[in-house]
Amino acid sequence: MTFTFRPLDPLKDAELLHGWVTHPKAAFWMMQDAKLEDVERAYMEIAADEHHHALLGLLDGEPAFLMEQYDPAHRELVGLYEPEPGDVGMHFLVPPTDTPVHGFTKDVITAVMAYLFEDPATERVVVEPDVRNKAVHALNEAVGFVPEREIRKPEKNALLSFCTRESFEKAVAA
């Protein structure tokens, strides 16, 4: 599977995203009750933020997932850990489907990580998923993330985890 990425258009893509982020399977995205305008506003804020970027992952030119990257020294994790040069924060969301493909989500996170590590300045990817999100913890481990500790964020208890370029390359080569 070959994925491509394009910047998210907050207005043109809002309807698509709204269906994704409000679906019950996207509960950990914490937008269950969002209206279309809420999704537009949230992603317009990201589009205007120099430290946070939203991208759509495409499969055969069609939107297949959402990926966000952020600078953890300025967003999400400020004051919760000591960022290092080359740290990049990441979120990803694979929308629900009536026809799941075995291994698709692992292919997505692998593509997201490869995309982030294409930038030679990226030394380490940082994630902070909800501690209860066991499925994403397993996916993170499969691509080389190592949990460090639980942290308390305003909206959740999160599992702070890191993945170096070397641990990613080792994990996907296995």
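Data block above holds the structure.
Here's a quick rundown of the structure. For every chain, the first residue of the written sequence is number 1, and numbering continues from 1 onward in sequence order. Side-chain atom pairs in this predicted model are given and counted only at pLDDT of 80 or more, local residue features only at pLDDT of at least 70, and totals for whole chains, interfaces and linings cover all residues. Calculated side-chain values reflect all of the structure's heavy atoms, with hydrogen atoms and water omitted.

### Brief notes about the overall build of the protein
Runs of E in the DSSP output that reach at least two residues are strands. Runs of H or I that reach at least four are helices, and both are numbered from the N terminus. A count of helices and strands for the protein gives five helices and seven strands. Relative to the globule expectation of 16 Å for 174 residues, the C-alpha radius of gyration of the protein, 15 Å, shows essentially globular dimensions. C-alpha atoms of the protein, sized along the principal axes, occupy 35 × 35 × 30 Å. We call a residue buried when its accessible area falls under 20% of the maximum for its residue type, exposed when it is over 50%, and partly exposed in between, using a 1.4 Å probe and counting protein chains only. Looking at the 174 residues of the protein, the share that counts as buried comes to 45%. Every residue pair with non-hydrogen atoms within 4.5 Å of one another is taken to be in contact. Pairs at least 24 apart in sequence give 60% of the contacts found in the protein among residues at least 6 apart. In this description, accessible areas are obtained by the Shrake-Rupley approach with a 1.4 Å probe, and a residue is regarded as covered only by the protein chains that are shown. When the accessible surface of the protein is summed, it comes to about 9,500 Å², and 53% of that surface belongs to carbon and sulfur atoms. Both charge centroids of the protein, one from 16 positive and one from 31 negative side chains, sit 5 Å from each other. In this setup the radius of gyration rests on C-alpha atoms only. A globule is expected at 2.2 Å times the number of residues raised to 0.38. Two residue types count as positive, namely Lys and Arg, and two as negative, namely Asp and Glu; His and chain ends fall outside the count. One atom stands in for each charge, and that atom is NZ of Lys, CZ of Arg, CG of Asp or CD of Glu.

### Describing the packing of helix 3 (residues 104-117) against helix 5 (residues 165-173)
Axis definition: a line fitted to C-alpha atoms, over the contacting stretch in the case of helices. Angles run 0 to 180 degrees between N-to-C directions. Across the interface, helix 3 lies against helix 5 with an axial gap of 11 Å and an inter-helix angle of 140 degrees. As far as their axial angle goes, helix 5 and helix 3 are oblique. Our pair here, helix 3 against helix 5, has a crossing hand that is left-handed. Across the interface between the two elements, Thr110, Met113, Ala114 and Phe117 of helix 3 pack against Arg165, Phe168 and Val172 of helix 5. Its residues placed into classes, the contact of helix 3 with helix 5 shows five nonpolar, one polar and one charged. Orientation is classified from the angle alone, with under 35 degrees giving roughly parallel, over 145 giving roughly antiparallel, 65 to 115 giving roughly perpendicular, and any other angle giving oblique. Left-handed describes a crossing in which the near helix is turned anticlockwise from the far one by less than a right angle; the clockwise case is right-handed. Under the scheme applied, nonpolar residues are Ala, Val, Leu, Ile, Met, Phe, Trp, Tyr, Cys and Pro; charged residues are Asp, Glu, Lys and Arg; polar residues are all the others, including Gly.

### Things to note about the nonpolar core
Nonpolar cores are built from buried Ala, Val, Leu, Ile, Met, Phe, Trp, Tyr and Cys residues. Side-chain atoms within 4.5 Å join them into one set. Counting residues in hydrophobic clusters, the biggest one holds 25 residues, and the most contacted among them are Phe65, Met90, Phe92, Val108, Val112, Met113 and Phe145. Of all the secondary-structure elements, those providing two or more residues to this core are strand 3 (62-70), strand 4 (87-93), helix 3, strand 5 (124-127) and helix 4 (134-142). Among the elements that make up this core, the one with the highest residue count is helix 3 (eight residues). Other than its neighbours up to four places away in sequence, Phe92 contacts Trp29, Leu66, Met67, Thr105, Val108, Ile109, Val112, Val136 and Leu139. Formed by 17 residues, the second largest nonpolar core is a distinct cluster that contains Leu8, Ala14, Leu17 and Leu56.

### Quick word on the packing of helix 3 against helix 4
Think of two packed helices as two axes; the pair is described by the angle between the axes and how far apart they sit. Relative orientation of the contacting elements helix 3 and helix 4 amounts to 55 degrees, with a least axis distance of 10 Å. Judged by the angle between their axes, helix 3 and helix 4 are oblique. Handedness of the helix 3/helix 4 crossing: right-handed. Contacts between helix 3 and helix 4 involve Thr105, Lys106 and Ile109 on the former and, on the latter, Leu139, Asn140 and Ala142. By residue class, the composition of the contact of helix 3 with helix 4 is three nonpolar, two polar and one charged.

### A closer look at the sheet that holds strand 5
Whether parallel or antiparallel, the strands of a sheet pair through hydrogen bonds between backbone atoms. A sheet is described by the order of its strands in space; here seven strands give the open sequence 1-2-3-4-5-7-6, paired in mixed fashion. Lying at the two open borders of the sheet, with one neighbouring strand each, are strand 1 (3-7) and strand 6 (146-153). This sheet shows a mean twist of 30 degrees between the axes of neighbouring strands, independent of strand direction. Two strands pair if DSSP finds at least two bridges between them. Sheet topology note: the strand 2 (residues 52-59)/strand 3 ladder contains eight bridges and is antiparallel. For Leu58, the partnering residue across the bridge sits in strand 3 and is Pro63. Where helix 1 (residues 14-21) meets the sheet, it contacts strand 2, strand 3 and strand 4, and its direction lies at approximately 80 degrees from that of strand 3.

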